[in-house]
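# Summary of structural features
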Amino acid sequence: KNQVEQSPQSLIILEGKNCTLQCNYTVSPFSNLRWYKQDTGRGPVSLTIMTFSENTKSNGRYTATLDADTKQSSLHITASQLSDSASYICVVLLPGGYNKLIFGAGTRLAVHP
Amino acid sequence: DTGVSQDPRHKITKRGQNVTFRCDPISEHNRLYWYRQTLGQGPEFLTYFQNEAQLEKSRLLSDRFSAERPKGSFSTLEIQRTEQGDSAMYLCASSSVEEGEQYFGPGTRLTVT
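This is a predicted model, so every value here is computed, not measured.

Another aspect to go through is the sheet that holds strand 1 (residues 5–7) of chain B. Residues and elements named next belong to chain B. Spatially, the 4 strands line up as an open sheet ordered 1-3-8-7, and their pairing is antiparallel. Both edges of this open sheet fall to strand 1 and strand 7 (65–68), since each of them pairs with a single strand only. Strand-to-strand twist across the sheet, computed as the mean angle between neighbouring axes with direction ignored, equals 15°. In terms of strand pairing, strand 3 (residues 19–24) meets strand 8 (residues 75–79) through 5 bridges, oriented antiparallel. Its bridge partner being in strand 8, T20 is matched across the sheet by E78.

Here it is, written out as structure tokens:
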């Protein structure tokens, strides 16, 4: 069973609209939870990083939330732009060792004009 | 450009051939990671180097796969006797021990025909 599950698998929204992506994880304990943006054919780029004690973290139009009790995280995108079209991947960093990352499968977002 | 670079960006090969990919990490980073990503999935960890030492290998890394980082700078990933199931994006990432954040390269997309 995947330790990091994301929903929906894919999403289409109109430019200017808001959307929320979900992440459920079973990994415990963890050092931090991250959201990455991955453009087609490119490597992932970090958007937000939250420790288990943080509830929310913003980066411009991106706001991530974390509920450590329910093991859920969300990424909210405000006033979407065409350039937001990408895959958004929820990632958990395991404690200790060599910074092992556990990746979700991602949500593929398409923003249409 | 001082980010992680990978070469080549795309590789098409016939089944049974050997292929080698190169990763140049961010210059001051002593940790280097290889991941494999198939379509619609998140990256999966393959192996990790700290300086020139290969400290962790995933069971995904079959005996046809070998990675090296001879001088603790660039790294190579070789796949021998390629199979169609090896078709994927191969991502490299680097980090420093102090910061821990992994920075990803653009990836090498391998297609085995």
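On to the pairing of strand 11 (residues 107–112) of chain A, then. Residue and element names in this part refer to chain A. Alternating positions in strand 11 separate cleanly, T107, L109 and V111 being buried on one face and R108, A110 and H112 remaining unburied on the opposite face. Where strand 2 (residues 10–14) meets strand 11, 5 bridges bridge the pair, whose relative direction is parallel. Directly across from S10, in strand 11, lies its bridge partner R108. Note: strand 9 (residues 86–93) against strand 11, 3 bridges, orientation antiparallel. Within strand 11, the residue paired with Y88 across the bridge is T107.

Moving on: the interface of chain A and chain B. Listed as interface residues are 17 residues of chain A and, on the opposing side, 21 residues of chain B. Taken together, the two surfaces of chain A and chain B that pack against each other cover about 1,500 Å², and 51% of this comes from carbon and sulfur. Of all residues in chain A, Y98, N99 and F103 of chain A give up the largest surface area on contact with chain B, accounting jointly for 38% of the area buried on that side. Taken together, the connections running from chain A to chain B amount to 1 salt bridge. Among the ionic pairs, E101 of chain B bridges to R34 of chain A, the shortest N-O distance being 3.5 Å. The tally of links from chain A across to chain B stands at 5 residue pairs in polar contact (both at pLDDT 80 or more). Elements that contribute at least two residues to the side of chain A that touches chain B include exactly strand 4 (32–38), strand 5 (45–51) and strand 10 (101–103) of chain A. Of all the elements, strand 4 of chain A adds the most residues to the side of chain A that touches chain B, at 3 residues. A per-class count over the side of chain A that touches chain B returns 8 nonpolar, 7 polar and 2 charged.

What follows deals with the layout of surface pockets. Its volume calculated, the largest pocket comes out at about 480 Å³. Around the largest pocket, the lining comprises 20 residues; the ones closest to its centre are K100 and I102 of chain A together with E44, F45 and L60 of chain B. For the lining of the largest pocket, the secondary-structure elements that each account for two or more residues are strand 10 of chain A together with strand 5 (44–50) and strand 6 (53–57) of chain B. Counting residues per element, the lining of the largest pocket draws most heavily on strand 10 of chain A, at 3 residues. The residue inventory of the lining of the largest pocket, partitioned by class, reads 8 nonpolar, 6 polar and 6 charged. There is about 340 Å³ of room inside the second largest pocket. Lining the second largest pocket are 20 residues, and of these S87 and R108 of chain A together with Q37, G40 and Q41 of chain B sit closest to its centre. Of all the secondary-structure elements, those providing two or more residues to the lining of the second largest pocket are strand 9 and strand 11 of chain A. Looking at the lining of the second largest pocket, its residues break down into 4 nonpolar, 12 polar and 4 charged.

So, how was this worked out
Residues numbered from 1 in each chain as written. Chains lettered and ligands numbered in written order. Predicted model: local features only at pLDDT ≥ 70, side-chain atom pairs only at ≥ 80, totals over all residues. Heavy atoms only, no water. Pairing = 2+ DSSP bridges. Helix = DSSP H or I, 4+ residues; strand = E, 2+ residues; numbered from the N terminus. Axes fitted to C-alpha atoms, helices over the stretch in contact; angles between N-to-C directions. Buried < 20%, exposed > 50% of the residue type's maximum accessible area, 1.4 Å probe, protein only. Contact = heavy atoms within 4.5 Å. Buried area = accessible area lost by both parts, 1.4 Å probe. Salt bridge = Lys/Arg side-chain N within 4 Å of Asp/Glu carboxyl O. Polar contact = N/O pair within 3.5 Å; in protein donor to acceptor, adjacent residues only side chain to side chain. Nonpolar A, V, L, I, M, F, W, Y, C, P; charged D, E, K, R; others polar. 1 Å grid on protein atoms, 1.4 Å probe; cavity = no way out; pocket = protein on both sides within 12 Å on 5 of 7 lines; lining within 4 Å. Points joined across faces, edges and corners; volume = space filled by probe spheres on them.

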